Amino acid sequence: MPELPEVENIVRRLRRPLIGRTITAVQVYWPRTIARPSIDAFSQQLTGLRIRAIDRRAKYLVFELGTRPTPAAYLLIHLKMSGQLDVVSRERPIDKHDRVIFDLSGGRQLRFNDMRKFGRMYLVEAIEAVTAQLGPEPLSDEFTLSVFRRLIAGRTGRLKSLLLDQRFIAGVGNIYADEALWLARLHPLRRADSLSDAEVRALYRGIRAALNDGIRHNGATFDRVYRSGEYEFRVYGRAGQPCRRCKRPIHKIAVGQRGTHFCAHCQRLKG
Ligand SMILES: [Zn+2]
C-alpha cells in the first residue's frame, strides 16, 4: 500500500497535467469506488468543476475544485492497495481495471485504475468530513517535537502499533514505521510509556527522516503496482540480510499481524 511519501509523489506528478483543467464528464465502472455521495450525484456535481489545486492529507489525495474564489467541493481519493491515477489520451483503450474515468478539458482523461478494488473516492464540501479522525501530519511545520511529546505522553501501546494508528499520526504505514524505528534504534515492541526523553526525540526524528527520505527518492518500489521510487529500505523487506549499521541479520516478526522488520542488536527491547 502506498504511504505518505508515495502519495506525496503522486500528488506532485499530477499537478502539472491537471491543475487548471475542467472535468467535462465522469464515467464510473465500479460503483463501490465511490464512497460518497451517490454515483449520480458524484458525476453530476463534478461535471463542470475546475481543478484548482491538488494536495495531500495523510494518504489521501485532495483535489480542490471550483471556479469561484471559494472552493465548491473537494474530491478525496484513497488509493488503498492498488489504486493508480494516470493522465492519458482519450484514444487509449480502456483497461479492465479502470474504475473511474474523468474527461478533462483539453482532450485528455484522468483514469483511476484499481486492480484490487479497495480504492475509494469522496466528493465533499469540507476535507474534514473524511479526515476528522486523523492525527497530525508528521511533516507539517506544526508537528514539532513538543507537539509529539504531548501526543505520546500517556500512551501505553507498542511502538509499532502506535505508529500504524492513523489517529496518532497520519500517513505512516508498515514500511515507514519499520524504517523510523530502525533510525531511532527502538525495538518495535517497546511500550510507548517506557521511552526516555532522548528516545522520544529519536523517534520524532526517525519518523520525519524516514518520510523525508522516502519523498526525496520518489517513494519506494515495493510491489508490481508501485515501482516508481528509488528509496532504499533500511530494514523493511530485508529479513536475513545484514543490518546497514551493524551487519547482523535483520529479524522479522509479526506485530498485530503486520510483518515487522528490525535489528535485534541495534534495537534492544530492554535498556
Ligand atoms: Zn544493527
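Refer to the structure presented above.
Residues numbered from 1 in each chain as written. Predicted model: local features only at pLDDT ≥ 70, side-chain atom pairs only at ≥ 80, totals over all residues. Heavy atoms only, no water.

### Description of the coordination of the zinc ion
Reference geometry at the metal: tetrahedral coordination by four donors gives ideal angles of 109.5 degrees; octahedral coordination by six donors gives 90 or 180 degrees.
Part 1 of the reasoning: Only C243 (SG), C246 (SG), C263 (SG) and C266 (SG) from the protein coordinate the zinc ion, and they sit 2.2 to 2.4 Å from it.
Part 2 of the reasoning: Here the zinc ion binds four donor atoms, and the angle range of 97 to 114° at the metal identifies the geometry as tetrahedral.
Part 3 of the reasoning: Of note, the donors binding the zinc ion are all from one chain and are spaced C-x2-C-x16-C-x2-C. Of this pair, C246 sits in the loop between helix 7 (197–216) and strand 10 (251–255) while C263 sits in the segment after strand 11 (258–262); the two residues are 17 residues apart in sequence, bridging distant segments of the chain.
Part 4 of the reasoning: Take C263: its relative accessible area is 1%, and that puts it in the buried class. (Donors = N, O, S within 2.8 Å, 3.2 Å for Na, K, Ca; no water. Tetrahedral: all angles 85-135°; square planar, octahedral: opposite > 155°, others 65-115°. Helix = DSSP H or I, 4+ residues; strand = E, 2+ residues; numbered from the N terminus. Buried < 20%, exposed > 50% of the residue type's maximum accessible area, 1.4 Å probe, protein only.)

### Structural notes on the pattern of salt bridges
Part 1 of the reasoning: Counted under the stated rule, the structure contains 18 salt bridges.
Part 2 of the reasoning: The salt bridge partner of R15 is D55, with a shortest N-O separation of 3.1 Å. Here R15, found in helix 1 (residues 4–18), pairs with D55, found in strand 3 (residues 51–57); they are 40 residues apart in sequence, far enough to count as distant.
Part 3 of the reasoning: Its relative accessible area of 37% is what places D55 among the partly exposed residues.
Part 4 of the reasoning: A single network of salt bridges, built from pairs that share partners, joins E8, R12, R56, R57 and E137. (Salt bridge = Lys/Arg side-chain N within 4 Å of Asp/Glu carboxyl O.)

### Focus on the sheet that holds strand 1 (residues 23–28)
Part 1 of the reasoning: The four strands lie next to each other as 1-7-8-6, forming an open sheet whose pairing is antiparallel. Edge positions in the sheet fall to strand 1 and strand 6 (83–89), since each has one partner strand and no second. Averaged over all pairs of adjacent strands, the angle between their axes in this sheet comes to 20°, without regard to strand direction.
Part 2 of the reasoning: In terms of strand pairing, strand 1 meets strand 7 (residues 98–104) through five bridges, oriented antiparallel. Note on strand 7: the bridge partner recorded for V26 is F102.
Part 3 of the reasoning: Packed on one face of the sheet, helix 1 meets strand 6, strand 7 and strand 8 (108–114) and runs near 25° to strand 6.
Part 4 of the reasoning: The strands touched by helix 2 (residues 39–46) are strand 1 and strand 7; relative to strand 1, the strand with the most contacts, the crossing angle is about 165°. (Pairing = 2+ DSSP bridges. Axes fitted to C-alpha atoms, helices over the stretch in contact; angles between N-to-C directions. Contact = heavy atoms within 4.5 Å.)

Any functional reading would require information that these geometric values do not contain.
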